[in-house]
Amino acid sequence: MTDPDTADLLGLVPAPPKELPPAYPDRAAWGTATRLRAWQSAALEAYFTDNPRDFLAVATPGAGKTTFALTVASELLSRRVVDRVTIVAPTEHLKTQWAEAAARAGIPIDPAYSGRKGRTSQDFVGVAVTYAGVAVNPLAHRIRTERFKTLVILDEVHHAGDALSWGDAVREAFDPAQRRLALTGTPFRSDINPIPFVTYAPDSEGVGRSLADYTYGYAEALADHVVRPVLFMAYSGEMQWRTRAGDEISARLGEPLTKDLTQQALRTALDPAGSWMPSVLAAADKRLTEVRRHVPDAGAMVIASDQDSARAYAALLKEITGERPTVVLSDEKAASKRIATFAESDDRWMVAVRMVSEGVDVPRLAVGVYATRTATPLFFAQTVSRFVRARRRGETASVFLPSVPNLLGFASEMEVARDHVLKRKVNDDGDIFAAEDELLAQANAVEAASAEELGSFEAMGSEARFDRVLYDGGEFGHAGEVHVGSDEEMDFLGIPGLLEPSQVRDLLHQRQSERARQQRRTRSTEDDVVRDVSTHEHLATLRRELNGLVAAWNHRTGQPHGVTHAALRKDCGGPAAAVATAAQLQTRIDKIRDWAAQRRSG
């Protein structure tokens, strides 16, 4: 049943299996490493020490959850603890990917099985199904689970909470299972649907929180060089659109806006007919060119909101690069083949709709463009994880995204470990603004326009400006926003694609400081030129920069904007930002940047 490579994995207790260092240069095929990383060995020891019926392993995407799960399956089969394996995956593509990985590990899995099919060939030791497929006929899967001693592997188990009906179906189908192994890289969800077969325990506030049996987070994997560090390239700019009522609105992406206006500004930015997307795609392609100087096969991917946008972005990339990108439009057999072909090629670009946000393994992806209106922490983490799979030390990932406050917040919290919480957390900062802030958030959710106006509007125009880089919990950029294509933008797009994390951080600091010194010299020698810039434009630029930093601080600390502004005024002096001088605004900008640096170093 097992090949020699798989058999080499099975000496688990008492002697641990051979361990890889945390990262290794020659990456094995997906899910088929013949030796184990240190975390996998530790997780296996934890599993076989307790031999639990249910086990939840939370490991950051790219760390090797599949190899861990298939090693557990091989050992349980060889010990006759189980006779069959059922793998439950989120998508059709991942069913096939699991079956291929299991075959390389000596475990034949049928990816074409369905509840209606009833039986499968005796050549197979198990089947691979989707959560949606289980929900169609949970009784059929329960009967199969009862007939055999079954190990159920629940891949990305948080999907079992996507709908109450899915959760109920998974419970009904796999309640009789001999063993259940749940895997996820992102256990947190924005809803409060409990995830089947996951244990919850009250935290210090009495709120139910998911408990993992083994956790290997992004921060740990980054320290072990198992995953790549991520440079987030944020772009803002002026947006104009017309509502269904005929009102013309202009707003800057990233400024404090109501929820509705933020969404409309984002939709305008992502409109392929505007100037924002072509500019950002061109910038991302420049970044890819720089990365390919050191990593010749590095690839890039755009995640689009829908099929029409994906086709339009592909056309833009064809104009920019002269090469036709791979386009993956839906979860179908042809899509899996296109992904596999792209993964094995050295083509530059792939454009996809949501299906490639989770589980799909294209290790050479190093540059991404987040061009979707979906903005939940779960989806964001899944999307970014497509770019962090390390092949060798020194590789970095670069993700381009709109300067939308919640996305910037997700980017700054990449290293924060999360659990699934069964109750909304009440924001209580111990200050008089907390209740008001909550009321404002509720008002923003329904403010501005009717559902009809939200559903129909016309994007009139957009421009892109380079805003900042987020890296390792810090922010880097120049004074205010800079033009796309400028030398200031290239200070960051031109960072070499093969550097150690500490070298990336030092280089970001260096380039920011050098540009600041150059700008100070320019101001001191060209006072007349500076005076030609209108005062209101200069003040507006400084206020935008300050507001952006305060918004990022809010997402990092939870402190309301008003409290942060008040603290800055207390430390730096001066009136409210609306009437502060340029020097006072610059002092506050420098102060909040110092706070961010101190928080990170602390």
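Note that the structure is a prediction, hence the values are computed from the model and not measured.

### What to know about the overall build of the chain
Moving on, step 1. If you tally the helices and strands in the chain, you get 22 helices and 20 strands.
Moving on, step 2. The burial tally for the chain puts 51% of its 602 residues in the buried class.
Moving on, step 3. In the chain, of all internal contacts separated by at least 6 residues, the share reaching a separation of at least 24 is 75%.
Moving on, step 4. Summing over all exposed atoms, the chain offers an accessible surface of approximately 25800 Å²; the carbon and sulfur share of this is 49%.

### Here we look at helix 13 (residues 377–384)
Moving on, step 1. Most of helix 13 sits inside the fold, with 7 of its 8 residues counted as buried.
Moving on, step 2. Check the buried side of helix 13 and you find it contacts strand 10 (230–243), strand 12 (299–304), strand 15 (365–371), strand 16 (397–402) and helix 14 (405–412).

### What about helix 6 (residues 138–147)?
Note that an α-helix has 3.6 residues per turn; residues three or four places apart therefore point the same way.
Moving on, step 1. When helix 6 is considered as a whole, its buried residues turn out to be Pro-138, Ala-140, His-141, Arg-144 and Thr-145. Looking straight down helix 6, one finds that the buried residues subtend no more than 160° of arc, so they occupy a single side.

### A look at the confidence of the model for the chain
Moving on, step 1. With 76% of its residues at a pLDDT of at least 70, the chain reaches an overall mean of 78.
Moving on, step 2. Predicted confidence in the chain is weakest over helix 1 (residues 4–7), with a mean pLDDT of 35, and strongest over strand 5 (residues 150–154), with 96.
Moving on, step 3. For the stretch residues 417–455, pLDDT sits under 50, and the model shows 69 contacts to residues farther than four places along the chain or on other chains.
Moving on, step 4. Note that residues 526–533 has pLDDT below 50 and, in this model, 1 contact with residues that lie over four places away or in other chains.

### Re unusual backbone geometry
Moving on, step 1. For Asn-51, which is not glycine, the phi torsion reads 45° and is therefore positive.
Moving on, step 2. Under the relative-accessibility criterion, Asn-51 is labelled partly exposed at 33%.
Moving on, step 3. The phi dihedral of Arg-80 is positive, around 65°, even though this residue is not glycine.
Moving on, step 4. Here Arg-80 falls in the exposed class, since its relative accessible area comes to 63%.

### Focus on the sheet that holds strand 2 (residues 84–89)
In a beta sheet, neighbouring strands are held together by backbone hydrogen bonds and run either parallel or antiparallel to one another.
Moving on, step 1. Strand order in this open sheet of 7 strands is 3-4-2-5-6-1-9, and the pairing throughout is parallel. Two strands in the sheet have a free side with no partner beyond their single neighbour: strand 3 (109–110) and strand 9 (214–216).
Moving on, step 2. In this structure, strand 3 lies alongside strand 4 (residues 126–130), joined through 2 bridges in parallel fashion. Looking at the pairing, Ile-109 lines up with Gly-126 of strand 4.

### Examining the packing of aromatic side chains
Moving on, step 1. Under the defined criterion, the tally for this structure stands at 13 aromatic pairs.
Moving on, step 2. Both rings, one in Tyr-47 and one in Phe-48, keep their centres 5.0 Å apart while their planes meet at 75°; by these two values the pair is edge-to-face. Neither residue differs from the other here; Tyr-47 and Phe-48 are each classed as buried.
Moving on, step 3. Between the aromatic rings of Phe-466 and Phe-492, the centroid separation amounts to 5.5 Å while the plane-to-plane angle is 25°, which identifies the pairing as stacked. Of this pair, Phe-466 sits in strand 18 (residues 465–471) while Phe-492 sits in helix 17 (residues 487–493), and the two are 26 residues apart along the sequence.

### Points about the packing of helix 10 (residues 276–292) against helix 11 (residues 307–321)
Moving on, step 1. It is the contact of helix 10 with helix 11, at a shortest axis distance of 10 Å, that shows an interaxial angle of 55°. Looking at the two axes, helix 10 sits oblique to helix 11. For the crossing formed where helix 10 meets helix 11, the hand is right-handed. Residues Met-277, Pro-278, Leu-281, Ala-282 and Asp-285 of helix 10 touch helix 11, and the partners they reach there are Tyr-313, Leu-316, Leu-317, Ile-320 and Thr-321.
Moving on, step 2. Taken together, the residues of the contact of helix 10 with helix 11 break down into 8 nonpolar, 1 polar and 1 charged.

### Comments concerning the pattern of salt bridges
Moving on, step 1. If you walk through the whole model with that rule in mind, you get 16 salt bridges.
Moving on, step 2. Measuring nitrogen to oxygen at the nearest pair gives 3.6 Å for the salt bridge that ties Arg-171 to Asp-168. Of this pair, Arg-171 and Asp-168 both sit in helix 7 (residues 164–174), separated by 3 residues, roughly a single helical turn.
Moving on, step 3. We note a salt bridge from Arg-391 to Asp-297, for which the minimum N-O separation is 2.7 Å. Of this pair, Arg-391 sits in the loop between helix 13 and strand 16 while Asp-297 sits in the loop between helix 10 and strand 12, and the two are 94 residues apart along the sequence.
Moving on, step 4. Judged by its relative accessible area of 17%, Arg-391 falls in the buried class.
Moving on, step 5. Among the charged side chains, a network of salt bridges with common partners joins Arg-228, Asp-297, Arg-391 and Glu-395.

### Let's talk about the packing of helix 3 (residues 65–78) against helix 4 (residues 92–104)
Moving on, step 1. Relative orientation of the contacting elements helix 3 and helix 4 amounts to 55°, with a least axis distance of 11 Å. When the axes of helix 3 and helix 4 are compared, the pair comes out oblique. For helix 3 against helix 4, the interelement crossing comes out right-handed. In this structure, helix 3 uses Thr-66, Ala-69 and Leu-70 to contact helix 4, whose residues at the interface are Trp-98, Ala-101 and Ala-102.
Moving on, step 2. Counted by class, the contact of helix 3 with helix 4 contains 5 nonpolar, 1 polar and no charged residues.

### Description of the environment of Leu-222
Moving on, step 1. Mapped onto the secondary structure, Leu-222 falls in helix 8 (residues 218–223).
Moving on, step 2. Since its relative accessible area comes to 14%, Leu-222 is described here as buried.
Moving on, step 3. Separated by 279 residues in sequence, Leu-222 and Pro-501 place their C-alpha atoms 8.8 Å apart.

Each value, and the rule that gives it
- Residues numbered from 1 in each chain as written.
- Predicted model: local features only at pLDDT ≥ 70, side-chain atom pairs only at ≥ 80, totals over all residues.
- Heavy atoms only, no water.
- Helix = DSSP H or I, 4+ residues; strand = E, 2+ residues; numbered from the N terminus.
- Buried < 20%, exposed > 50% of the residue type's maximum accessible area, 1.4 Å probe, protein only.
- Contact = heavy atoms within 4.5 Å.
- Areas by Shrake-Rupley, 256 points an atom, 1.4 Å probe, with all protein chains shown as cover.
- Arc of directions from axis to C-beta.
- pLDDT = per-residue confidence, 0-100.
- Pairing = 2+ DSSP bridges.
- Phe/Tyr/Trp six-rings, centres within 6.5 Å; stacked < 30°, edge-to-face > 60°.
- Axes fitted to C-alpha atoms, helices over the stretch in contact; angles between N-to-C directions.
- Parallel < 35°, antiparallel > 145°, perpendicular 65-115°, else oblique.
- Left-handed = near helix turned anticlockwise from the far one by under 90°.
- Nonpolar A, V, L, I, M, F, W, Y, C, P; charged D, E, K, R; others polar.
- Salt bridge = Lys/Arg side-chain N within 4 Å of Asp/Glu carboxyl O.

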